[in-house]
Each structure stands twice: as structure tokens, then as C-alpha cells.
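Residue strings, one per chain:
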Amino acid sequence: MDTPPLERTFTYQLHTLHKLTDRLSQATYLDETGIPLSEGRCLSAVGSFTPLSVNELARRANLNKGQASRAAQSLVDQGLVLKSPSPTDGRGVVLTLTPAGEAVYARVMATVYRRNRDFLACLNARERAQLDALIGRLVDHARQALDQVGATETGD
């Protein structure tokens, strides 16, 4: 089997795709919701998986704990997220949406769904279904690999 050039390896292309979509998403989030991408990811995670601890938020938003904590605090400061004491962890907090956060969450999710639809528009329905199944398998495989080495899922 021939070794492909670096720019044709899966991980290189995946990283490139990740960076390109993040750059497009950053501009879109600011234009359509008024909040940066990391805050949008956190707001969508809180709205979708509420209530969340900061650790759970980091995992769900695919950020490290420091990034999630800063984004959550910014959302609290903007009145979009409520931070309450955890009923199960005396030192922890739980994050939920405020009524203002619910309105922004609705805009964020509309942006997410439109962005995904637009991004995948170059694929037909069969290709989208195949890609979804393949990505799901790759994510599951990567999670198993992380479990085996004891690494965490959150990252930059």
C-alpha cells in the first residue's frame, strides 16, 4: 500500500476540515447570535443537556474545563445562564438557561441546523447518511481508544 502525502491523510484532512468549519462557524455565530463560537457551543450544550456541571459542560461542548468555565461565566454575566449550587456536590454548580438564554439558545440552534444543512449541501441524501454512519463509527472507535489509554475527551 502506498503512503499518501501528508495532505491526503485522514487525520490531516479532518483537522483541516475542523479548522475551516470553526472559522466559518465563528463568523456565523457572531453575526447571527451575537456571541462567540465557544459561548455558542456552551449555550447549546446547556440548553440541550440541562442541567450541567462545568465538567459535563466541557465534555458536551468539546472544550477543556478552563475554556468551559470561562465561557459559562461569560454566559452567566450576560444573563443567559444561571449558575446554582449543585444539590449533589457541595462544591459544585449546575448550569441552566435563563429565559433570555432560552431565546438565544433558539437562535443558536437554528444557526447550528442551518450551518449543518448548508455545509452538507454538497452531498446527496445517500452520501449524508453514509457520512453520518461512518462518522459515528469513527467517534465510537476514538472514544474506545481514549478509554483504553485513560485520556479525557475534552480538548482545544
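So, here's what we can say about the structure. Computed from a prediction, not measured in an experiment: that's the story for all the values here. (Residues numbered from 1 in each chain as written. Predicted model: local features only at pLDDT ≥ 70, side-chain atom pairs only at ≥ 80, totals over all residues. Heavy atoms only, no water.)

## Let's talk about the nonpolar core
And step 1. Residues Cys-42, Leu-43, Leu-57, Leu-95 and Val-108 are the most contacted members of the largest nonpolar core, which totals 26 residues.
And step 2. Elements with a minimum of two residues in this core: α2 (37–49), α3 (54–61), α4 (65–77), β2 (93–97) and α5 (99–119).
And step 3. Non-local contacts of Cys-42, meaning those with residues more than four positions away in its chain, are made with Leu-57, Ala-61, Leu-63, Ala-68, Ala-71 and Leu-75. (Core = buried A, V, L, I, M, F, W, Y, C linked by side-chain atoms within 4.5 Å. Buried < 20%, exposed > 50% of the residue type's maximum accessible area, 1.4 Å probe, protein only. Helix = DSSP H or I, 4+ residues; strand = E, 2+ residues; numbered from the N terminus. Contact = heavy atoms within 4.5 Å.)

## A closer look at the pattern of salt bridges
And step 1. This model, assessed by the stated rule, comprises four salt bridges.
And step 2. A salt bridge links Arg-114 to Glu-32, with the nearest nitrogen and oxygen atoms 2.3 Å apart. Remark: Glu-32 occurs in helix α1 (residues 10–33) and Arg-114 occurs in helix α5; sequence separation between them is 82 residues.
And step 3. Residue class for Arg-114 comes out partly exposed when judged on its relative accessible area of 24%.
And step 4. Overall, the relative accessible area of 35% leaves Glu-32 in the partly exposed class.
And step 5. A salt bridge links Asp-118 to Arg-117, with the nearest nitrogen and oxygen atoms 3.7 Å apart.
And step 6. We classify Asp-118 as partly exposed; its relative accessible area is 43%.
And step 7. Look at the salt bridges and you will find they share partners, linking Glu-32, Arg-114, Arg-117 and Asp-118 into a network. (Salt bridge = Lys/Arg side-chain N within 4 Å of Asp/Glu carboxyl O.)

## A look at the side chain of Thr-98
And step 1. Position of Thr-98 among the secondary structure elements: in the loop between β2 and α5.
And step 2. The buried category is assigned to Thr-98, whose relative accessible area is 16%.
And step 3. In this view, Thr-98 contacts Gly-79, Leu-80, Val-81 and Leu-82; residues no more than four positions away in its chain are not counted.

Function cannot be read off these values alone, since they describe shape.
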